[in-house]
Amino acid sequence: QSVLTQPPSASGTPGQRVTMSCSGSSSNIGSNTVNWYQQLPGTAPKLLIYSNNQRPSGVPDRFSGSKSGTSASLAISGLQSEDEADYYCAAWDDSLNGPLFGGGTKVTVL
Amino acid sequence: QVQLVQSGAEVKKPGASVKVSCKASGYKFTSYAMQWVRQAPGQRLEWMGWIDGGNGNTKYSQKFQGRVTITRGTSASTAYMELSSLRSEDTAVYYCARARVGVMPLDYWGQGTLVTVSS
């Protein structure tokens, strides 16, 4: 069974840079692009990064994504209080023949 | 602007079925797929299936095969997700999300529908 693995938590003080990882396999990250979603408490996920490193219109350039092999990462630079949320990585999985999501990383702004 | 508006919260008894609707606006419904994803309390997002808004073809996650049915009404630009034989573990927020057929990303999401299964 395919899995995307994320660390459960990350934290930083305002202005700091925070990074989080997403580890997959050849059937998902290794062969497809990675997307990242931000989920604020009680709301629906919002697309943050698509195609590994592209930002939809309106997403601040403080958010950046990268991918290497079967892993990906999301970085938030200049951390702000409103960035406190859950962040999910996602990729198409060829075995599932559908989207696969990571377990999420909860970002806390100290 | 793209909007996906879902039906309201539901409370169901174990063994019952639930049908959630997702009305799309702001884009051509038949040019995209509608994905369905659920999130149980404190759990990760879990893909359930999708429907091609154009030809109505569907693809379901093996986990839900036989219990989930996704349909669409093109004239109303609405997608529906029906889940049967409900059990307590199906208590979750159910989301619809737009995507191009067979690819990611899921770029716009509905607001979510809470389905509670309880005796």
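Structure: above.
Conventions and cut-offs
- Residues numbered from 1 in each chain as written.
- Chains lettered and ligands numbered in written order.
- Predicted model: local features only at pLDDT ≥ 70, side-chain atom pairs only at ≥ 80, totals over all residues.
- Heavy atoms only, no water.
- Phe/Tyr/Trp six-rings, centres within 6.5 Å; stacked < 30°, edge-to-face > 60°.
- Helix = DSSP H or I, 4+ residues; strand = E, 2+ residues; numbered from the N terminus.
- Buried < 20%, exposed > 50% of the residue type's maximum accessible area, 1.4 Å probe, protein only.
- Lys NZ or Arg CZ within 6 Å of the ring centre and 35° of its normal.
- Contact = heavy atoms within 4.5 Å.
- Salt bridge = Lys/Arg side-chain N within 4 Å of Asp/Glu carboxyl O.
- Nonpolar A, V, L, I, M, F, W, Y, C, P; charged D, E, K, R; others polar.
- Pairing = 2+ DSSP bridges.
- Axes fitted to C-alpha atoms, helices over the stretch in contact; angles between N-to-C directions.

Asks: What exactly am I supposed to notice about the packing of aromatic side chains here?
Replies: The description of an aromatic ring pair uses the distance of the two centres, along with the angle that the planes make with each other. The tally for this structure, following the rule as stated, stands at six aromatic pairs over all chains. The interplanar angle of 75° and the centroid separation of 5.8 Å between the aromatic rings of Tyr95(B) and Trp109(B) together place this pair among those described as edge-to-face. With a gap of 14 residues between them, Tyr95(B) in strand E9 (residues 92–99) and Trp109(B) in strand E10 (residues 108–109) connect regions that are remote in the sequence. The class of Tyr95(B) is buried, set by a relative accessible area of 4%. Among the aromatic residues, those joined into a cluster by ring pairs are Tyr37(A), Phe101(A), Tyr95(B) and Trp109(B). Lying across the ring of Tyr27(B), Arg98(B) places its NZ or CZ 4.7 Å from the centre.

Asks: Looking at this structure, I do not really get the interface of chain A and chain B. What am I missing?
Replies: By convention, interface size is frequently given as the accessible area that disappears when the constituent parts associate. Contacts between chain A and chain B engage 21 residues on the former and 21 residues on the latter. Inspection of the region where chain A meets chain B yields zero salt bridges. The set of elements that each furnish at least two residues to the side of chain A that touches chain B consists of strand E3 (34–39), strand E7 (85–93) and strand E8 (98–101) of chain A. Sorting elements by how many residues they give to the side of chain A that touches chain B places E7(A) first, with four residues. For the side of chain A that touches chain B, the per-class residue count stands at 14 nonpolar, seven polar and no charged.

Asks: I would appreciate a short explanation of the sheet that holds strand E3 (residues 18–25) of chain B in the present structure.
Replies: Strands in a sheet are paired, the pairing made by backbone hydrogen bonds, and the direction either parallel or antiparallel. All names here are of chain B. Strand order across the open sheet formed by four strands is E1-E3-E8-E7, with antiparallel pairing between neighbours. At either margin of the open sheet sits one strand with a lone partner, and together these are strand E1 (3–6) and strand E7 (68–73). Taking the axes of each pair of neighbouring strands and ignoring which way they run, one obtains an average angle of 20° across the sheet.

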